There are 2 protein chains.
Amino acid sequence: MITGKVAELLESTKYLQEVEVKGWVRSFRSNRFIALNDGSTINNMQCVVDYEKMNEALLKRITVGAAIKVTGTLTESLGSGQKVEIQVTNVEILGDADPEEVKYTILSPKRHTLEKLREQAHLRVRTNTFGAVMRLRSKLAFAVHSYFQQNNFHYVNTPIITGSDAEGAGEMFRVTSFDLDNIPRTEDGKVDFKEDFFGKETNLTVSGQLEGETYALGLGQIYTFGPTFRAENSNTSRHLAEFWMVEPEMAFCDLAGNMDIAEDFIKYVLKYILEHCKDDLAFLEERLANEDKAKPEAERSPMGLTDKLRFVIDNNFKRVSYTEAIDILKDSKPNKKKKFNYIIEEWGADLQSEHERYLVEKHFKCPVILFDYPANIKAFYMRLNEDGKTVRAMDILFPGIGEIVGGSQREERLDVLTKKMQALGIDEKELWWYLDTRRFGTCVHSGFGLGFERLVQFATGMGNIRDVIPFPRTPLNAEF
Amino acid sequence: MITGKVAELLESTKYLQEVEVKGWVRSFRSNRFIALNDGSTINNMQCVVDYEKMNEALLKRITVGAAIKVTGTLTESLGSGQKVEIQVTNVEILGDADPEEVKYTILSPKRHTLEKLREQAHLRVRTNTFGAVMRLRSKLAFAVHSYFQQNNFHYVNTPIITGSDAEGAGEMFRVTSFDLDNIPRTEDGKVDFKEDFFGKETNLTVSGQLEGETYALGLGQIYTFGPTFRAENSNTSRHLAEFWMVEPEMAFCDLAGNMDIAEDFIKYVLKYILEHCKDDLAFLEERLANEDKAKPEAERSPMGLTDKLRFVIDNNFKRVSYTEAIDILKDSKPNKKKKFNYIIEEWGADLQSEHERYLVEKHFKCPVILFDYPANIKAFYMRLNEDGKTVRAMDILFPGIGEIVGGSQREERLDVLTKKMQALGIDEKELWWYLDTRRFGTCVHSGFGLGFERLVQFATGMGNIRDVIPFPRTPLNAEF
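Residues numbered from 1 in each chain as written. Chains lettered and ligands numbered in written order. Predicted model: local features only at pLDDT ≥ 70, side-chain atom pairs only at ≥ 80, totals over all residues. Heavy atoms only, no water.

**Thoughts on the overall build of chain A**
For clarity, the threshold we go by: Counting from the N terminus, the helices are DSSP H or I runs at least four residues long and the strands are E runs at least two residues long. Think of it in three bands: with a 1.4 Å probe and only protein chains considered, a residue is buried below 20% of the maximum accessible area for its type, exposed above 50%, and partly exposed in between. Two residues form a contact once any of their heavy atoms are found within 4.5 Å. For the area figures, the Shrake-Rupley method with a 1.4 Å probe applies, and any residue is considered shielded solely by the protein chains shown. Counting rule applied: Lys, Arg positive; Asp, Glu negative; His and chain ends not counted. One atom stands in for each charge, and that atom is NZ of Lys, CZ of Arg, CG of Asp or CD of Glu.
Secondary structure summary: chain A contains 15 helices and 17 strands in total. C-alpha extents for chain A along the principal axes are approximately 85 × 60 × 45 Å. Relative to its full complement of 480 residues, chain A shows a buried share of 59%. Long-range pairs, those at least 24 residues apart, make up 68% of the contacts in chain A between residues at least 6 apart in sequence. For chain A, the computed accessible surface area is about 19,800 Å², with 45% contributed by carbon and sulfur atoms. Placing the 62 positive and 73 negative side-chain charges of chain A at their respective mean positions leaves the two points 5 Å apart.

**Let's talk about the interface of chain A and chain B**
What counts is decided by this rule: Here the quantity called buried area is the accessible surface, traced with a 1.4 Å probe, that two parts lose on coming together, added over both. For salt bridges, the criterion is a side-chain nitrogen of Lys or Arg within 4 Å of an Asp or Glu carboxyl oxygen. Within 3.5 Å is the distance limit for a polar contact, defined as a pair of N or O atoms, with the added protein rule that one can donate a hydrogen and the other accept it, and that residues adjacent in sequence qualify only through two side-chain atoms.
Taken together, the contacts link 110 residues of chain A with 110 residues of chain B. Approximately 9,100 Å² of surface area, both sides summed, lies buried where chain A meets chain B, with 64% of it carried by carbon and sulfur atoms. Counting the surface chain A buries against chain B, the share from its top three residues, Phe197(A), Phe252(A) and Phe440(A), is 9%. Counting the contacts that link chain A with chain B gives 4 salt bridges. In this structure, Lys200(B) and Glu479(A) form a salt bridge, with 3.6 Å as the shortest nitrogen-oxygen distance. Where chain A touches chain B, the interface holds 40 residue pairs in polar contact (both at pLDDT 80 or more).

**Regarding the relation of the copies chain A and chain B**
Note the following rule: Only residues with pLDDT of at least 70 in both copies contribute their C-alpha atoms to the least-squares superposition of the copies.
After a rotation of 180 degrees and a shift along the axis of 0.0 Å, chain A superposes on chain B with an RMSD of 0.0 Å. On this basis, the relationship between the two copies can be described by a two-fold rotation axis. Among all residues of chain A, the minimum C-alpha distance to the rotation axis is found for Val175(A), at 2.5 Å.

**Details of the packing of helix H5 (residues 128-150) of chain A against helix H5 (residues 128-150) of chain B**
Operational definition: For helices, the axis comes from a line fit to the C-alpha atoms of the stretch in contact; other axes are also lines fit to C-alpha atoms, and the angle between any two N-to-C directions lies between 0 and 180 degrees. In what follows, roughly perpendicular refers to angles from 65 to 115 degrees, roughly parallel to angles under 35, roughly antiparallel to angles over 145, and oblique to any angle outside these ranges. In this scheme the handedness of a crossing depends on how the near helix is turned from the far one: anticlockwise by less than a right angle means left-handed, clockwise means right-handed. Nonpolar residues are Ala, Val, Leu, Ile, Met, Phe, Trp, Tyr, Cys and Pro. Charged residues are Asp, Glu, Lys and Arg, and all others, Gly as well, are polar.
Interhelical geometry of H5(A) versus H5(B) gives an angle of 140 degrees and a closest axis separation of 11 Å. Considering the angle they form, H5(A) stands oblique to H5(B). Note that H5(A) runs across H5(B); the crossing there is left-handed. Only Ser138(B), Lys139(B), Phe142(B), His145(B), Ser146(B) and Gln149(B) of H5(B) make contact with H5(A), whose side of the interface consists of Ser138(A), Lys139(A), Phe142(A), His145(A), Ser146(A) and Gln149(A). Counted by class, the contact of H5(A) with H5(B) contains 2 nonpolar, 8 polar and 2 charged residues.

**Some thoughts on the nonpolar core**
The cut-off we apply is this: Throughout, nonpolar core names a set of buried Ala, Val, Leu, Ile, Met, Phe, Trp, Tyr and Cys residues whose side chains join them through atoms within 4.5 Å.
Formed by 294 residues in total, the largest nonpolar core has its most connected members in Ile266(A), Leu270(A), Ile266(B) and Leu270(B). When near neighbours in sequence (up to four residues on either side) are disregarded, Leu270(A) contacts Leu309(A), Val312(A), Ile313(A), Leu455(A), Phe458(A) and Ala459(A). Core analysis: the second largest hydrophobic core is formed by 10 residues, Val191(A), Phe178(B), Val191(B) and Phe193(B) among them.

**Some remarks on the sheet that holds strand S12 (residues 242-251) of chain B**
Residue and element names in this part refer to chain B. Short version of the rule: DSSP bridges decide pairing: two strands pair if at least two such bridges lie between them.
The strand order S7-S11-S12-S17-S16-S15-S14-S13 describes an open sheet built from 8 strands, whose pairing is mixed. Of all strands in the sheet, those with a lone pairing partner are strand S7 (154-155) and strand S13 (318-321), marking the two edges. Of the strand pairs in this sheet, strand S11 (residues 221-229) and S12 are connected by 9 bridges, and their pairing is antiparallel. Each bridged residue has a counterpart across the sheet, and for Thr224 the counterpart in S12 is Glu247.

**Here's the deal with the pattern of salt bridges**
Residue and element names in this part refer to chain B. Taken as a whole and judged by the stated rule, the model has 53 salt bridges over all chains. Notably, a salt bridge pairs Glu213 with Arg438, separated by 2.8 Å at the nearest N-O pair. Taken together, the residues Glu213 in helix H6 (residues 209-219) and Arg438 in helix H14 (residues 432-439) connect sequence positions 225 residues apart. Look at Arg438 and you get buried, because its relative accessible area is 4%. Between Asp395 and Lys378 there is a salt bridge, and its shortest N-O distance comes to 3.2 Å. Separated by 17 residues along the polypeptide, Asp395 in strand S15 (residues 390-398) and Lys378 in the loop between strand S14 (368-374) and S15 bring together distant segments of the chain. Taking the relative accessible area as the measure of exposure, Asp395 reaches 5% and is therefore buried. On the accessibility criterion, Lys378 (22% relative accessible area) is partly exposed.

**Notes on the domain arrangement of chain A**
Residue and element names in this part refer to chain A. Here is the rule we go by: Throughout the structure description, domain borders are defined by an automatic or database domain assignment.
Domain boundaries assigned for chain A yield domain 1 (2-105) and domain 2 (128-171 + 206-467). One C-alpha centre belongs to domain 1, the other to domain 2, and the line joining them spans 44 Å. Residue-level contacts link 6 residues of domain 1 with 6 residues of domain 2. Around 460 Å² of area is buried between domain 1 and domain 2 when both sides are counted, 44% of it from carbon and sulfur atoms. Joining domain 1 to domain 2, the criterion identifies 0 salt bridges. Connecting domain 1 to domain 2 are 3 residue pairs in polar contact (both at pLDDT 80 or more). Residue composition of the side of domain 1 that touches domain 2, grouped by class: 1 nonpolar, 4 polar and 1 charged.

**Some details on the confidence of the model for chain A**
Rule in force here: Confidence scores per residue from the predictor, reported as pLDDT, run from 0 to 100.
Confidence along chain A averages 95 in pLDDT terms, with 99% of residues attaining 70 or more. Both confidence scores are given for the complex: pTM 0.97, ipTM 0.97.

**Overview of the environment of Ile396(A)**
Residue and element names in this part refer to chain A. One can find Ile396 in strand S15 (residues 390-398). In sequence terms Ile396 and Phe283 are 113 residues apart; their C-alpha atoms lie 28 Å from each other. With residues near it in sequence (within four places) discarded, Ile396 still touches Ala262, Ile266, Phe317, Val368, Ile369, Gly402, Glu403, Ile404 and Val405.

**Examining the sheet that holds strand S9 (residues 174-176) of chain B**
What the 6 strands build is an open sheet, ordered S8(A)-S10(A)-S9(A)-S9(B)-S10(B)-S8(B); its pairing is antiparallel. Looking along the sheet, the strands with just one partner apiece sit at the ends: strand S8 (161-162) of chain A together with strand S8 (161-162) of chain B. Direction of pairing for S8(B) relative to strand S10 (residues 202-204) of chain B: antiparallel, over a ladder of 2 bridges. Note on S10(B): the bridge partner recorded for Thr162(B) is Asn203(B).

**Comments concerning unusual backbone geometry**
Residue and element names in this part refer to chain B. The phi torsion at Lys338 lies on the positive side, around 55 degrees, for a residue other than glycine. Along the chain, the position of Lys338 falls in the loop between helix H11 (333-336) and helix H12 (353-364). For Lys338, a relative accessible area of 60% gives the class exposed. A positive phi angle, near 65 degrees, is found at Leu476, a position not held by glycine.

Given below as structure tokens:
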């Protein structure tokens, strides 16, 4: 008797052997064909029942969503689509799924909208689409770790709860152990944070970069991969209040080296899933194509899913300065014809997704790395160029989604950095430890951040970021 | 010219070639021998300076903590300890470290206590001990991912911010976007959580298990690896308010299978670091031995670090029921002579670390898996045995630290589970989604949790859990 997962058995050629497999019923056609799935692959095992030999009461319990154990003989399949099937000798019901109850859930065998599936996020992973997305997400996460470990980066867990709120990357969530009905106050009526768990105000991190830098300046090359948070009331298909971020940081690395690593990294992880997620990608490719067909022609994607991945893997990323990009955009048709929602009028403008996509999809027709942005639209820690007005920032732009990576060479010069912080009103005392790294053996260093869910969106073709994380957190939604 | 990391160059045999290497000065002896470290390994590159040919002003800037670039010729080293060294032709100062300032930091070349190092957690990774610990932590994390990915488990990111507080694993931190000075109230004066970011009360997760179960019951085998939180005022060397947890969950797997996987997993990850962290382990072994020498003999560890790792890898874990363990403990010398702080008097007692260690270190002399604990000292979701008083729980006990893994077969029967929840006053409406998994295709399933920092402690021999995570969070401490 061979006990196996569906994924293994589908690859097996041990015909005529007795096998046992457990999983959930995806469909049961003609009282004869059970499509059994156990999550190990998107493919189902076809289990062929001889209903004349089966107990009728048992047959009735083989319903969509039920957990069953099947034993039988592995045989070559005559139908197309798969090589093997199981001629069933016995079915055991492990857990029923009453059709009268199932019909109120997304397990019921009909089309459900993605919105509906989101409401039942605890069950949606049992559908083809979410099974595929979540298996791919897992493989992509492993590819991230594999890339950095192979290249001698050290994984660092920067703190989630942080006492510093100096980065200014966005609105932060507060963390407290206070009973909100009964908050301790000082004599003058203010909240007495000395009484809180950490003895001070604390927040959820928006980025591990600053702490990551302190580690890069000792371990050389590090990366973080953990959750980050934004308390921004953005109810869009691109924003989550809780998302996972990858943030490598390299000592002795300038902006050019930073771009090299980012490009190499992205190509590696996408190649990895092309190799390791063939079946799930094939399904997602078809899903996206079908979704596209329902759209007006102008909104359809010019590329299929695999083509988009190959577009990134096979092209050199074009490196273009912000200043060049502004010139291109100013001269572009959509700008002159006022088709952009935001018309580019002068140097210094912050680029929108429509501009980024124009550069990638229409002008250069390859992934683009923009660099040397105006200092005043970028963060305080980015290295000032000799021109005194641009900083060594870089953003990587992708088709369909625009910015996928944002990074920079960091300002390593203590005097320049403190001057900048003073100008922006950032408290030096708050960041004493960050400044220490510029005091003791400072050096050129760089890093970047990649929003992991954006990458999963790109790799799966899912349009809404809520559909690439198991339990999305968004304004007014923290169910499960 | 070969540009390389210290780790690569130390393995190189390209003698007489010109090389370039960047790093931080660990020491500079006799105006002649620079020990250069770049974080890629615990070992330093010896760079031999001919001080008579060097600019004197430059020589003075080669100080402990400075970042420098060295060029020179790679030669076979005549001294013991390493195979190669660099005959320096040029030194460039990248970032100074003024000895007058360094002397107030832990970078100064003298012994600092671990407590002192903790206060400068942003610099401590530049010391041998913390470099070794953090490199090993990184490798161990990758081993965790590698094990599960090789065994076809899917990585799942369960939510960090959660609206459910039903698990009861401990005190939770509240998450809010309210201005604590100005909390919206309902007409009857209560906090109006409808106005908060998520429209309800939210907390930081204490475990991803319940959400993980919903994914295992679709994807088959999953694991989580992410931060978890406890707002407990425990100021001990074993507790953190923020720590990382590994939680696998397997459908169609009973308690015996759960034990098999846990044992196999732990052996795999420890073997992995024995293979991949030789130099760091050798250093940590010696560090631990030196620390031990300073202790009274009775408190010294009977095993060195590698011996402890081998003790776990080479022994079968002994599986013992709670009931057997209680009998053994009742009859034990320390119990009869009242040497235990908590005397074991009867069945039902909760075991303390001293009892767990007695079983592992004195009685069985191997790692131990205790199982079938009394239901009333374990969580609501554990599967009730036929005896009606024990549950299918298991804890894995290690030398030195006691419990390292806690797991169970989950209660998959809807009626038994709801009865248990009612008895404990757990709101079924809160956990509607968890109960759904028992309604639709429920099945035998199991999982366990491993506190990652406990494992890093075990693998590094560090006594205080604050020294195995980059920026520890504990009561009154959220610096950095």
